[in-house]
Amino acid sequence: MSAVNMEGLKYLTYDQYPYAAGRKDFAPNVYYSLDALRKAGLAYNSDTGCYLQAFESAAVRKSTDSELLFNMSAAVSYGVKNFKWFLWFTPAKYFTDALLDLSSQKSDMFDGGAAVNKKLHELGKYLADTDAVYVYHTDKTSYTEQLPENFPIGFGDGTSAIVSVFRERLTGRNYIGVANKNFNTDDESVIEMNIGDMAVKAVIDSDGNRRALTDDELSEHVLKLSFAPGDIKLLELAEGVDLYGKKTGNIALNAGIWASSSILSGSSSYDVSAYEPVDGKKDKGCWRSAVNDRNRSITVLLGDFYEINEVVLYGAVKSSGVGENFPESVDILVSSDNVTYTKVASASSFSFEADDHVTIGFDKADNVKYVKLEMPYSQKAAEIGEIEIYCR
């Protein structure tokens, strides 16, 4: 992703199917992939997409209506915006019919798929311009993060649900998504939540119906909602309630990063790629420019607006020493929109004899979302081991 033109990345999308042949569960490694997709989308300011499982093959089984619904609910919980189906065409001869059969007639998955598609359109009215900033599971499931004890809403014992915090990009308004993980049943599930003093303004059902809480649903801070198998609901929080917390410390850690060029190589002992300078590993890996790159730069995408006044750059650590191919000079520029940049610092004549890093301080810059490092051309590739960005 670090090599893709920033303006050219509309959706980051993939396919992976959760319902394996001969099994009745939702494959937990799909949660891992959905979370990796979510984090990459957040880091690179990109919406994400996936295929839903509406076909059958030797490896995966035909989805029931409730399985299709939970496939959707799980993906929505992880912030997916762009949904795709196999409608008539399927990519290989060992696939069976998708939503339409070979004669373009409705298959037995069509109605369930159409119902899910309608729900997606309704949920999109609320979630299209949000990010899934946190995703937790109320039960212990492989490859997932369990709901922390200090989360402002508590769930009853035995609850099996995905809990997401959605945040509108422009207004900061929050929604809490609750997806019912019980999909292999014919019965509705009642999920009990202790909302404490949380200001829940409305409940939004997956059909788009937005409604106030009823007395039957909310009593003495305990909210009880009925869920169809595999379904999802949203709790709309009052304006001004924001569960999202900005990064502290090194705000470049695990951020998105774009490079004007990047030489990719990897081994068990040393990795070279554009994302290495934000992985937190100061003694392993680096970014390396192409030798013929005459306009060398790295841009760090902070993901939110920050005040900053310090950039720390580490030399690449090799057996031959530290900072061997560090740039001769570095200009630091900042921007709020990736269009207009302002230079805030310049530094040169670096030495790594006494330490493995150089610290570049400057007057505090505010409303910063992008930090660009520009480096001059030289006859050898430039290397940077790690980048850290702070507000001291």
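This one's a predicted model, so the numbers in the text were calculated from it and none came from an experiment. Numbers given for residues are sequential positions, taken from 1 along each chain in its written order. pLDDT decides what is reported in this predicted model: residues at 70 or higher carry local features, side-chain atom pairs at 80 or more are listed and counted, and totals for whole chains, interfaces and linings draw on all residues regardless. By convention in this description, side-chain values take in all heavy atoms of the structure and omit both hydrogens and water.

Some points on the side chain of Ser164
Tracing the chain through its elements places Ser164 in strand 6 (residues 161–168). Overall, Ser164 belongs to the buried group, its relative accessible area being 1%. A distance of 2.7 Å separates a polar atom in the side chain of Ser164 from the backbone oxygen of Ser77. Strands are runs of DSSP state E lasting at least 2 residues, helices are runs of H or I lasting at least 4, and numbering of each runs from the N terminus. Partly exposed residues are those whose accessible area sits between 20% and 50% of the maximum for their type, while under 20% is buried and over 50% is exposed, using a 1.4 Å probe and protein chains only. Think of a polar contact as two N or O atoms within 3.5 Å of one another; within protein, one of them needs to be a possible hydrogen donor and the other a possible acceptor, and neighboring residues in sequence only count if both atoms come from side chains.

Considering the sheet that holds strand 7 (residues 174–180)
Here the rule is simple: two strands pair whenever DSSP picks up at least two bridges between them. Taken together, six strands build an open sheet; the order of strands is 4-6-7-13-9-10 and the sheet is antiparallel. A strand with exactly one partner marks an edge of an open sheet, and here the two such strands are strand 4 (130–137) and strand 10 (210–211). Sheet topology note: the strand 6/strand 7 ladder contains seven bridges and is antiparallel. Paired with Ser164 across the bridge in strand 7 is Gly177. The contact criterion used is simple: two residues touch if any of their non-hydrogen atoms lie within 4.5 Å. Only the stretch in contact is used when fitting a helix axis, every axis being a line fitted to C-alpha atoms; angles between N-to-C directions are given from 0 to 180 degrees. Along the sheet, helix 1 (residues 29–43) makes contact with strand 4 and strand 6, crossing strand 4 at roughly 145°. Along the sheet face, helix 2 (residues 65–77) touches strand 4, strand 6, strand 7 and strand 13 (232–237) and points at about 45° away from the line of strand 6.

Let's talk about helix 3 (residues 110–127)
Here a helix's expected span is defined as the number of its residues, less one, multiplied by 1.5 Å. Taking 1.5 Å of rise per residue, 18 residues should cover 26 Å, and helix 3 covers 25 Å from first to last C-alpha, within 8% of that figure. Every buried residue of helix 3 is listed here: Gly112, Gly113, Val116, Lys119, Leu120, Glu122, Leu123, Tyr126 and Leu127.

Notes on the pairing of strand 4
In terms of burial, strand 4 is largely enclosed, as six of its eight residues are buried. Here strand 4 pairs with strand 6 via seven bridges, running antiparallel. Bridging across to strand 6, Tyr136 finds its partner in Val163.

Some thoughts on empty space enclosed by the protein
Cavities and pockets were defined on a 1 Å grid built over protein atoms only: a cavity is a set of grid points that admits a 1.4 Å probe from which the probe cannot escape, a pocket is an open set flanked by protein on both sides within 12 Å along at least five of seven lines, and lining residues are those with an atom within 4 Å of any such point. Grid points are joined across faces, edges and corners, and a volume is the space filled by probe spheres set on the points. Applying the stated criterion across every chain yields a total of two cavities of 30 Å³ or more. When its volume is computed, the largest cavity comes out at roughly 100 Å³. Forming the walls of the largest cavity are 13 residues, and the residues nearest its centre are Leu42, Ser46, Thr48, Gly79 and Asp131. Of the residues belonging to the lining of the largest cavity, the class tally is three nonpolar, five polar and five charged. By volume, the second largest cavity amounts to about 50 Å³. As for the second largest cavity, its lining consists of Tyr14, Asp15, Gln16, Val30, Leu34, Cys50, Tyr51, Asn71 and Ala75. For the lining of the second largest cavity, the secondary-structure elements that each account for two or more residues are helix 1, strand 2 (47–51) and helix 2. Polarity classes work like this: nonpolar for Ala, Val, Leu, Ile, Met, Phe, Trp, Tyr, Cys and Pro, charged for Asp, Glu, Lys and Arg, and polar for all others, with Gly in that last group. Broken down by class, the residue content of the lining of the second largest cavity amounts to six nonpolar, two polar and one charged.

Focus: the layout of surface pockets
Where empty space is left can be seen by rolling a probe of water-molecule size over the atoms. What the largest pocket holds in volume is close to 1,300 Å³. Around the largest pocket, the lining is made up of 43 residues, and of these Lys39, Leu42, Ala43, Leu302 and Gly303 lie nearest the centre. Counting only elements with at least two residues in the lining of the largest pocket, the list comes to helix 1, strand 4, strand 6 and strand 18 (296–314). Split by residue class, the lining of the largest pocket holds 19 nonpolar, 10 polar and 14 charged. Looking at the second largest pocket, it is lined by 16 residues, and the ones nearest its centre are Val80, Lys81, Phe83, Leu120 and Gly124. The leading source of residues in the lining of the second largest pocket is helix 3, at six residues. Among the residues forming the lining of the second largest pocket, the class breakdown is nine nonpolar, five polar and two charged.

Some points on the pairing of strand 2
Among the five residues of strand 2, four are classified as buried, and the element is accordingly described as predominantly covered. Where strand 1 (residues 11–14) lies against strand 2, four bridges are found, and the strand directions are parallel. Following the sheet pairing, Leu12 is matched in strand 2 by Thr48. The path from the first strand over the helix to the second decides the hand: if it runs clockwise while the strands point away from the viewer, the crossover is right-handed. Tracing the backbone out of strand 1, into helix 1 and back to the parallel element strand 2 gives a crossover that is right-handed.

Let's talk about unusual backbone geometry
At Ser104, a position not held by glycine, the phi torsion is positive, near 65°. You can call Ser104 partly exposed: its relative accessible area is 46%. Of note in the backbone geometry, Ser349 takes a positive phi value of approximately 55° without being a glycine. Relative to the helices and strands, Ser349 is located in the loop between strand 22 (342–348) and strand 23 (357–375).

A few points about the pattern of salt bridges
Here, a salt bridge means any Lys or Arg side-chain nitrogen found within 4 Å of an Asp or Glu carboxyl oxygen. Scanning the entire structure with this criterion turns up 22 salt bridges. One salt bridge in this structure joins Lys39 and Asp35, with 3.3 Å as the shortest N-O distance. Of this pair, Lys39 and Asp35 both sit in helix 1, separated by four residues, roughly a single helical turn. The partly exposed category is assigned to Lys39, whose relative accessible area is 48%. One network of salt bridges, in which partners are shared, links Arg173, Arg210, Glu236 and Glu239.

A closer look at the sheet that holds strand 3 (residues 82–84)
In space, the three strands of this open sheet follow the order 1-2-3, with parallel pairing throughout. This sheet does not close on itself; its edge strands, each paired only once, are strand 1 and strand 3. Recorded for the sheet is a direction-independent mean angle of 20° between the axes of neighbouring strands. Here helix 1 sits on the sheet and contacts strand 1 and strand 2; the angle it forms with strand 1, its principal contact strand, is near 165°.

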